[in-house]
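Single-letter residue listing:
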Amino acid sequence: MSHRFTRRHLVGGAGAIAAGLAMPPAEAQQAASAQPGGTPRAFPQNFVWGTATASYQIEGAVDVEGRGRSIWDTYTRLPGKIRDNSNGDRAVEHFTRYKEDIALMKELGTTAYRFSIAWPRVFPDGTGTPNPKGLDFYNRLIDELLANGITPYATLYHWDLPQALQDRFGGWASRETSKALGDYAGYVAKHITDRVKNVFTINECATLVDFGYGVAPIEMAPGIKSTQKELNQIRHHVALGHGLAVQAIRAQGRAGTEIGVAENLASCIPVIETPEHIRASEIATREMNGGYLTVIMEGRYTDGFLSYAGANAPVFTEDDLKIIGSPVDFLGLNIYMPQHYVAAPADASGFALVPTPATFPRMESDWLRVGPEAMYWAPRNVAKLWNVKKIFITENGASASDKPAPDGRIFDLDRIMYLRAYLTQLQRATSEGVPVQGYFHWSLMDNFEWIDGYEKRFGLYHVDFNTQKRTPKLSAEFYRKLIAGNALV
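Scoring rules and cut-offs
Residues numbered from 1 in each chain as written. Predicted model: local features only at pLDDT ≥ 70, side-chain atom pairs only at ≥ 80, totals over all residues. Heavy atoms only, no water. Helix = DSSP H or I, 4+ residues; strand = E, 2+ residues; numbered from the N terminus. Contact = heavy atoms within 4.5 Å. Buried < 20%, exposed > 50% of the residue type's maximum accessible area, 1.4 Å probe, protein only. Pairing = 2+ DSSP bridges. Patch = residues over 30% accessible without salt bridge, like charges linked within 9 Å, V, L, I, M, F, W, Y side chains within 5 Å. Areas by Shrake-Rupley, 256 points an atom, 1.4 Å probe, with all protein chains shown as cover. Salt bridge = Lys/Arg side-chain N within 4 Å of Asp/Glu carboxyl O.

Draft legend 1. Region of the structure containing the side chain of Asp 452. Tracing the backbone shows Asp 452 in the loop between β11 (436-442) and β12 (461-463). Those residues in contact with Asp 452 that sit more than four places away from it in its chain are Arg 83 and Asp 84.

See the structure below:
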């Protein structure tokens, strides 16, 4: 017989044990599923539990059925750009193994799957005549998901820009790419929204702009170095592309289609939960996201953003802002860590950013600081600032070493620690009425992790990249039990 005790159980039962009493089985079971104070650690009814992936990271088959080249096909072939000198040509062969992978989702008990559509599969040249076979794979995928009781959530752009658009227009440096995204979005919506009712326009503007076109310490495709003025203009074009995509989906999608965006917002956490620091974190959330999420939700750039940008502010029109501010039905938040800790300032500036100590805990990836409270404050602040009624956590997860034991099992205790801590904060948010309606774990399985190649693993399922064998990690069992009970375990 297995005996599982926690400090909470020992403390909770100490009085009964001292009195020579034992709790009845039903009461013991209830105590085991409750937080201190007796509040069950459950999530709302009908909460959506899913997993998330991205096309270039998992599909492979980069030269199959008329797919064009993407900026990542080009970038991965530049010397020294990918840590293990790999690429996504093969990835984890999801293009041919998708039925096997959907079976893994069903095994987990997930009710939803967030995937991205490869723009170069649909429009190999970015614009013009669509590839007749471009959506065939996604139609097969969608149908198989539905046949297994899994709701599809589609992302239209997860960084694999057609190389042709980079060559012709400089990619997001041009408004032409914004227009091209709108055309692509309308075409896809017309063909899939009979079955896909939730569509995300763009994944992580901040990442694709700052790392793809900026001078950030991390570089990603296409690896262009821009001035600050150029970078702000690129950011504006991405926001404009989002707005044009929203309008195109509304025009060409089926009735009942809901639209949103998935953004790794700059999450701003109060250093201490006192009213003055909490208010500072709200102000910081609005201002630190001024270049993308705030302008989407408000249809305007904040005075603070324009003042800080000064001569480097983007050039835009009032019509641009109306397009960017096209109403969305939900927000997707990718939350891995706190970007900023915030304190009330000594002056009238509204907030002060507090430096992150060098000793701050991290997961295997150096950038992934462990700050579970981000999972509470990010959606809480977003909901309060913009009166958002529906939020999805579109990505959350962690890299870990994931070394198989001699018997082949993977005891990823560090990932479970991370998930338990973050999901505790998410449950706190939902219990207080923050309108988070679903959670998508990143990722279903290990895959091509951008500039880290195959060196970093984020999956619930371990992938042997030589044989493509999928093996559940201990975190898969943790997630399966969480979903089955709709409560923390």
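Draft legend 2. Representation of the environment of Pro 314. Within the secondary structure, Pro 314 sits in the loop between α14 (303-309) and α15 (318-324). With relative accessibility at 6%, the residue Pro 314 sits in the buried group. When the C-alpha atoms of Pro 314 and Gln 228 are compared, they prove to be 9.7 Å apart, with 86 residues separating the residues in sequence. The contacts of Pro 314, once residues within four sequence positions are left out, are Asn 232, Gln 233, His 236, Tyr 301 and Phe 305.

Draft legend 3. Spotlight on the pairing of strand β3 (residues 151-157). Buried residues dominate β3, accounting for six of its seven residues. Two elements, strand β2 (residues 112-116) and β3, share five bridges in a ladder whose sense is parallel. By the bridge assignment for β3, Arg 114 is matched with Tyr 153.

Draft legend 4. Here's a closer look at a nonpolar patch on the surface. A grouping of Val 271, Ile 272 and Val 354 is seen on the molecular surface, where their side chains present a nonpolar patch of about 220 Å² in accessible area. As for its position among the elements, Ile 272 is in the loop between β6 (268-270) and α12 (275-288).

Draft legend 5. Spotlight on unusual backbone geometry. Residue Pro 222 follows Ala 221 across a cis peptide bond; omega there is 5°. With respect to the secondary-structure elements, Pro 222 resides in the loop between α10 (205-213) and α11 (228-252). Cis geometry is adopted by the peptide bond preceding Ser 443, which originates at Trp 442 and carries an omega value of 10°. Following the sequence through the fold, Ser 443 ends up in the loop between β11 and β12. Here Asp 402, not a glycine, exhibits a phi torsion of approximately 55°, which is positive. Residue classification places Asp 402 among the buried positions, given a relative accessible area of 4%.

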